[in-house]
Amino acid sequence: MNSEENILIIKHGALGDIIQAEGIMRSIHNHHPNNQIILLTSAQYKDIMLHCPYINEVITDNRFSFWRMCAYIFLYQELNKFNFNIVYDLQNSQRTFLYKKLILRKPKWVTTSRKDHHISGLRGLIDMLQDYGVPCKGAINPNIKWLANDITHLLKYKNIALHYILLLPGSSKYHKEKRWPFYQELASELLKLNYVVVSILGPDEKDLADKIPGHIMQDLNWRDLAGVIQKSMFVIGNDSGLSHIASCFNKLGFAIFGPTTSSIRSELSRGLFSVIIEKNLYDLKVNDVISRILKLLK
């Protein structure tokens, strides 16, 4: 490959999609080992992806309305100064289709033409790369060790023993229906069984801080948050980006799925991490979850 080539990857999010695409980005990097790899992504993921060893630079795209012409003039200028040779469109959205037609017309585009894969979006991206001659060995299993900070000092400061069960009660604020409603009761029962319980709460779950017993972690940066997940001995979460991190770390545990999304398409089940599927999340009782935890821990 020409060492002067610049390669653009487009992946806006959400968090789980960004994390799962790590193997795809690794494959692109390995296919272009001497080139500069630039990522176009949402602003909230810039700090994460600056630490990704396969990305040289990150450009943020706030995805303003197309009526905000000034913003798109700036984006046009920012992107075209790199003189990209190839664009890998991992988003495959109507927006990126317009970018292809209006902003980045010169480079070669690698895209799936926004067709849905019959199994999952991740497998669709793997097929896309293979169709363009990009080897994808191991792309189905992201390796995100680079994402996690060593949080031993944080655990010590919080007086948290190393062997803890981690609860992830949240989900996207736009999809609160994905949240299993009994994490408070689950934490209480686990404490009665003498387990150390830690819960990670995001900005949208702050109302739970005084309700869930055990240790509470709030306001963590992405890398510390990943470190807390990596150090845990067991993880229970919802269909969320944090559960994707647990899955990609191959943690022992599971995500709880309701009827809103497909557990198969999510690709959350991998290695030691699995899923529980329940048509009505209120029908999944705490005792059932406890039994599953104890069985897996044995």
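These figures come from a predicted structure and were not determined experimentally. (Residues numbered from 1 in each chain as written. Predicted model: local features only at pLDDT ≥ 70, side-chain atom pairs only at ≥ 80, totals over all residues. Heavy atoms only, no water.)

Student: Can you break down the sheet that holds strand E2 (residues 36-41) residue by residue, with the values?
Tutor: Taken together, five strands build an open sheet; the order of strands is E3-E2-E1-E4-E5 and the sheet is parallel. Since the sheet does not close on itself, it has two edges, and those belong to strand E3 (57-60) and strand E5 (108-110), each with one partner. Across the sheet, the axes of successive neighbouring strands diverge by a mean angle of 20°, strand direction being ignored. Bridge analysis of strand E1 (residues 6-10) against E2 gives five bridges, and the strand direction is parallel. Bridging across to E2, Ile-7 finds its partner in Ile-37. Helix H2 (residues 22-31) rests against E1, E2 and strand E4 (86-89) of the sheet, and its axis sits at about 170° to E1. Across the sheet, helix H5 (residues 94-102) is in contact with E1, E2, E4 and E5; its angle to E5 comes to roughly 165°. (Pairing = 2+ DSSP bridges. Helix = DSSP H or I, 4+ residues; strand = E, 2+ residues; numbered from the N terminus. Axes fitted to C-alpha atoms, helices over the stretch in contact; angles between N-to-C directions. Contact = heavy atoms within 4.5 Å.)

Student: How would you summarise the nonpolar core if you had to cite specific residues and measurements?
Tutor: In this structure, Met-49, Tyr-88, Leu-90 and Ile-245 are the most contacted members of the largest nonpolar core, which totals 59 residues. Ranked by residues supplied to this core, first place goes to helix H6 (residues 121-131) with five residues. Counting 24 residues, the second-largest nonpolar core is a separate cluster that includes Tyr-183, Ala-187, Val-197 and Leu-281. (Core = buried A, V, L, I, M, F, W, Y, C linked by side-chain atoms within 4.5 Å. Buried < 20%, exposed > 50% of the residue type's maximum accessible area, 1.4 Å probe, protein only.)

Student: Give me the lowdown on the sheet that holds strand E8 (residues 215-218), citing residues and values where you can.
Tutor: Overall, parallel pairing links the six strands, which are arranged E8-E7-E6-E9-E10-E11 in an open sheet. With one partner strand each, in any of the chains shown, E8 and strand E11 (273-277) form the two edges of the open sheet. Going across the sheet, the axis of each strand differs from the next one's by a mean of 20°, ignoring polarity. When strand E7 (residues 196-201) meets E8, the two strands line up parallel, connected through four bridges. Along E8, the bridge assignment pairs Val-198 with His-215.

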